[in-house]
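Topology and contacts: notes
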Amino acid sequence: DGVGEEKIEAVAEKVDVKLTSNDSEYYLEIILFKIKETLFRVPAQLFRSCTNFFDERFDELPATSYPNYKVIERDDVNISDFRALLKLLYPSSFSITRTLTDDEWVSVLKVSTKWKMLDIRRGAIEHLTSASIPLVDRIVLARECCVPSWLLSSYTELLDSKSILSTLNRSEKERLGLETVFKLHRARELAFPFKVDLLDLSPAKLKKEFAVELETLKDLSVVERANLAKQYNVQEWWIGALTDLMDRAECLTVEEAQTLGFEATIAVFKARELRCCKRLSDALDEVHRHHGDLKLWPAFERLSMGRKYGVRTWVEKSLMGLVFQRKTLSVPEAHQVGLETAISICVTRHVEDRPPPCDDTRQSRLAEEFAEEFSRMKQEASQLLSPQESQLLEEQLRRAVTPIGGVSALGGGATVS
């Protein structure tokens, strides 16, 4: 500090030593960093040599109240992260190797990325590539610090049938982003080279996955649902109500018949008679013939209406329709039903213990779903990527427009295959 320098000058005068010149190599410039509310005083040489991020600041900043020192104030890094960087640059004791923990290397990566310290950044990436970092943390860090190779490898690992993708908790989903989680599920569903036997899916699994939503909804009597189905012009709900009346043990009451209407009541009685004769196919045909001019609606639109009117049976059956449909939900459809619901649908549809597709197939699907993210990362990291990283990213972007099974990877919704 200033007091220390005054002491040096006093000693120099006392012994009659004349300081006439500065050494060209070892008369080090000292700089002050103010990180948040903490001051750090370090030689500027290493900062000058490993980045040009501060060149203008070094040259233009005037000396402050600290004699002969310049102060650089930064609020874009944390104190602990900056301290880890200093530990790498200025070790407290002599050592051939630098002993930083994985967390400290993460801090070094964050600071070196923000301040364009490219050699240090590459060293941090090289160390952390083999470090044991949870997948979600690695993805978040890859995004924050523009490391596309980590993003690709982590996404690819999540597409394995036994990965943690189906068991992510709410916090992990929010850190990744719900749309990202859905796209990963969608990519996994599209990548597997087998037909999913949706008949093996258990309705109990669906009810368990959607229990929170279903428990908040009311239910109506079957006749009330039939009348509302006709009122709202929904063929599937009308047929569903008549089928429930056909299947139930109790016969229609006079009041229910009056409410349901003459033609529908006759159809229900005929269907029940056919069912009793074990002619189930004919019974269902009888029910289906009496839908009039009611409109057919896609399952995700019926789900929206079921939620609007708050009818549990409609919501449950619409969700089941989405789970059992062969077509994989598109991203716009996922937004329409709600991303959390879309993720739960994918979790319910997922079949474990299946052989995973090859990496090329998984990466092609990932390139299809995340082409925009890879492209954006390429732009943001253009000054940070090594030639090898740039080449890898270019390769993945090219895969996004390569036909998969004769269909462009940039197409819309696809069938599970």
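Look up: the structure comes first, before these words.
Residues numbered from 1 in each chain as written. Predicted model: local features only at pLDDT ≥ 70, side-chain atom pairs only at ≥ 80, totals over all residues. Heavy atoms only, no water.

Focus: the side chain of E256
Tracing the backbone through its elements, the reader meets E256 in helix α15 (residues 254-260). Using a relative accessible area of 18% as the deciding quantity, one classes E256 as buried. At a separation of 2.5 Å, a polar atom in the side chain of E256 contacts the side chain of R248. Look past the residues within four positions of E256 in its chain and what remains in contact with it is V223, R248 and C251. (Helix = DSSP H or I, 4+ residues; strand = E, 2+ residues; numbered from the N terminus. Buried < 20%, exposed > 50% of the residue type's maximum accessible area, 1.4 Å probe, protein only. Polar contact = N/O pair within 3.5 Å; in protein donor to acceptor, adjacent residues only side chain to side chain. Contact = heavy atoms within 4.5 Å.)

Comments concerning the pattern of salt bridges
Here the structure, examined in full by the defined rule, presents 19 salt bridges. Note that K183 and E179 form a salt bridge whose closest N and O atoms lie 3.3 Å from each other. Placement of both K183 and E179 in helix α10 (residues 178-191) is noted, with a separation of 4 residues, approximately one turn of the helix. Judged by relative accessible area, which is 15%, K183 ranks as buried. Between R307 and E213 there is a salt bridge, with the nearest N and O atoms lying 2.6 Å from each other. A residue pair is termed long-range when its members are at least 10 positions apart, and R307 in helix α18 (residues 299-309) and E213 in helix α12 (residues 211-215) qualify at 94 residues. Bridged by salt links that share partners, the residues R170, E174 and E340 form one connected network. (Salt bridge = Lys/Arg side-chain N within 4 Å of Asp/Glu carboxyl O.)

As for the packing of aromatic side chains
Scanning the entire structure with this criterion turns up 9 aromatic pairs. Summarising the aromatic geometry, the rings of F33 and W115 are spaced 5.9 Å apart at their centres and angled 15° between planes, so their arrangement reads as stacked. Remark: W115 occurs in the loop between α5 (102-114) and α6 (118-129) and F33 occurs in strand β1 (residues 30-35); sequence separation between them is 82 residues. The class of F33 is buried, set by a relative accessible area of 0%. Put simply, the rings of F33, F40, F47, F82 and W115 pair up and form one aromatic cluster. When the ring centre of W297 is taken as reference, the NZ or CZ atom of K295 above it lies at 3.9 Å. (Phe/Tyr/Trp six-rings, centres within 6.5 Å; stacked < 30°, edge-to-face > 60°. Lys NZ or Arg CZ within 6 Å of the ring centre and 35° of its normal.)

Remarks on the environment of K205
Mapped onto the secondary structure, K205 falls in helix α11 (residues 203-209). Exposure remark for K205: the relative accessible area of 35% places this residue in the partly exposed category. Expressed as a C-alpha distance, the spacing of K205 and R349, which sit 144 residues apart in the sequence, is 9.5 Å. In this view, K205 contacts V347, T348 and H350; residues no more than four positions away in its chain are not counted.

Side note on the environment of L284
Along the polypeptide, L284 turns up in helix α17 (residues 280-288). Since its relative accessible area comes to 30%, L284 is described here as partly exposed.

As for helix α7 (residues 135-145)
Along α7, the residues that are buried comprise L135, V136, R138, I139, L141, A142 and C145. Of the residues flanking the end of α7, it is C146, one or two places downstream, whose phi is positive at about 55°.

Some words on the nonpolar core
F33, F47, F82, L85, V108, W115 and F182 are the most contacted members of the largest nonpolar core, which totals 80 residues. Here F182 is in contact with L329, S330, V331, A334, L339, A342, I343 and C346, once residues within four sequence places are set aside. Membership of the second largest hydrophobic core comes to 27 residues, among which are W237, L242, W297 and V311. (Core = buried A, V, L, I, M, F, W, Y, C linked by side-chain atoms within 4.5 Å.)

As for the packing of helix α14 (residues 235-247) against helix α16 (residues 262-276)
Running from N to C, α14 and α16 cross one another at 50°; their axes reach a closest spacing of 9 Å. In terms of axis orientation, α14 runs oblique to α16. Read as a crossing pair, α14 and α16 show a hand that is right-handed. Residues W238, L242, L245, M246 and D247 of α14 form the contact with α16, whose participating residues are A264, V268, A271, R272 and R275. Along the lines of polarity and charge, the residues of the contact of α14 with α16 split into 7 nonpolar, no polar and 3 charged. (Axes fitted to C-alpha atoms, helices over the stretch in contact; angles between N-to-C directions. Parallel < 35°, antiparallel > 145°, perpendicular 65-115°, else oblique. Left-handed = near helix turned anticlockwise from the far one by under 90°. Nonpolar A, V, L, I, M, F, W, Y, C, P; charged D, E, K, R; others polar.)

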